[in-house]
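An overview of the molecular structure
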Amino acid sequence: MAKRGIGLTKDDMITAYPSRVIAGTIEAPGAPSMTMVSTYFKDGIGMGGVNACLLAEIGHHCTAASNGRPGLIGGDFNNSPQELAHTSLHQRLHGAILTGKNGVPTCTAGKKHSVIDMFIAYGGVQHAAEHVTTLIGSTIKTHRPVNVQFLPHLTSLRMRQIKKPPTLPAVPKAPVLKLKEPPEYWQELNMATEALRVAE
C-alpha cells in the first residue's frame, strides 16, 4: 500500500516480541489514517503464553495507542479462525475476522493442511473489504498468501460507519410541574350580583 501519494510510517509499538509484530500508519488521500499491524504467532501453544501477550499488545496498540484509528491486522496466527474468534479481539475492536471464502488452506506444512493466516479489520475497514482470497501457486513452501481486495473508493470507509444513538432511559424523566391554584373572584361576583339586584 505504500506508494506515490500514500504515506507509510512505522509506529512505536510497545512489545516484548519485536521479531513477531510490527505496526505502521497508512495515510492515503480521501481516507482517514489507518493502523496496519503484521504479526507472526508462535505455533503449537494455542492462544496462551507468547500469543496471549501478543494479543494484549496488539489490542492495546490498536485502541489506546492509535487514538481509535481504523485499521487492519494481518498475520500468521498459528490458530484457526474459530480459535482467534474465541479471544474476542475482533469484538473489542468492533471489527471482523477476514478469511478466504474459497476454503483453501493457507498452511500446507505437515499432513494436515489448515487455515491459520487471516486478517482482522476494524473501525469500518471490514465494510470496505470486497474480496478475500487465498493465492495458489506461491513460491512459499509451507504457506499460501492471503489477499484482501478493497472497494475502489476509499471514502466508502466513512460512508459505511453508523454510530449507535445513545440509549434512552426506560422511564422518561420529566420535571414535576407545580400548578398554581386558580384565583378566586368571589368578591367581584358578589358585587356584580348586588348591582344586578339593585338595577331590577
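First, a word on scope: everything that follows refers to the structure included in this document. Only a predicted model underlies this, so the values are computations on that prediction, with no experimental measurement involved.

1. Description of the overall build of the chain
The helix and strand inventory of the chain stands at six helices and eight strands. Reading the chain from its N end, one meets helices and strands in the order β-β-β-α-β-α-α-β-β-α-β-β-α-α. Taking all 200 residues of the chain together, 35% fall into the buried category. Of the contacts made within the chain by residues no fewer than 6 positions apart, 59% connect residues no fewer than 24 positions apart. As presented, the chain carries roughly 13,600 Å² of accessible surface, and 59% of it is formed by carbon and sulfur atoms.

2. Re the packing of aromatic side chains
Inspection of every chain in the model, using the stated rule, returns one aromatic pair. On the numbers, 5.1 Å between centres and 65° between planes, the contact of Phe41 with Phe77 is edge-to-face. Residue Phe41 is found in the loop between strand S3 (34-40) and helix H1 (50-65), and its partner Phe77 is found in the loop between strand S4 (71-76) and helix H2 (81-86); the two are separated by 36 residues along the sequence. Taking the relative accessible area as the measure of exposure, Phe41 reaches 0% and is therefore buried. Judged by relative accessible area, which is 0%, Phe77 ranks as buried.

3. Things to note about the sheet that holds strand S6 (residues 117-122)
Strand order in this open sheet of six strands is S1-S2-S3-S4-S6-S5, and the pairing throughout is mixed. Sheet topology places strand S1 (7-10) and strand S5 (95-98) at the edges, where each strand pairs with a single neighbour. Across the sheet, the mean angle from the axis of one strand to that of its neighbour is 20°, orientation sign disregarded. Where S5 and S6 come together, four bridges link them in antiparallel fashion. Counterpart to Gly95 in the pairing with S6 is Tyr122. Docked against the sheet, H1 engages strand S2 (21-27), S3, S4 and S6, running at close to 170° with respect to S3.

4. Examining the pattern of salt bridges
Enumeration over the complete set of coordinates arrives at one salt bridge. The shortest N-O distance in the salt bridge between Asp11 and Arg69 comes to 3.9 Å. Residue Asp11 is found in the loop between S1 and S2, and its partner Arg69 is found in the loop between H1 and S4; the two are separated by 58 residues along the sequence. A relative accessible area of 11% means that Asp11 is categorised as buried. On the accessibility criterion, Arg69 (21% relative accessible area) is partly exposed.

5. Overview of H1
Those residues of H1 that fall on the buried side of the exposure criterion are Val50, Asn51, Leu54, Leu55, Glu57, Ile58, Gly59, His61 and Cys62. If you follow the buried residues of H1, they end up packed against S2, S3, S4, H2, helix H3 (89-92) and S6. Taken from the residues just after H1, Asn67 is the one with a positive phi, measuring 55°.

6. Section: the nonpolar core
Counting 20 residues, the largest nonpolar core has Ile58, Ile73 and Leu84 as the members making the most contacts within it. When residues of this core are traced back to their parent elements, those giving at least two are S2, H1 and S6. Here the element with the most residues in this core is H1; it accounts for five residues. Dropping the residues within four chain positions of it, Leu84 is found in contact with Met47, Leu55, Phe77, Ile97, Met118 and Ile120.

Parameters at a glance
Residues numbered from 1 in each chain as written. Predicted model: local features only at pLDDT ≥ 70, side-chain atom pairs only at ≥ 80, totals over all residues. Heavy atoms only, no water. Helix = DSSP H or I, 4+ residues; strand = E, 2+ residues; numbered from the N terminus. Buried < 20%, exposed > 50% of the residue type's maximum accessible area, 1.4 Å probe, protein only. Contact = heavy atoms within 4.5 Å. Areas by Shrake-Rupley, 256 points an atom, 1.4 Å probe, with all protein chains shown as cover. Phe/Tyr/Trp six-rings, centres within 6.5 Å; stacked < 30°, edge-to-face > 60°. Pairing = 2+ DSSP bridges. Axes fitted to C-alpha atoms, helices over the stretch in contact; angles between N-to-C directions. Salt bridge = Lys/Arg side-chain N within 4 Å of Asp/Glu carboxyl O. Core = buried A, V, L, I, M, F, W, Y, C linked by side-chain atoms within 4.5 Å.

Geometric descriptors of this kind do not, in isolation, establish any biological role.
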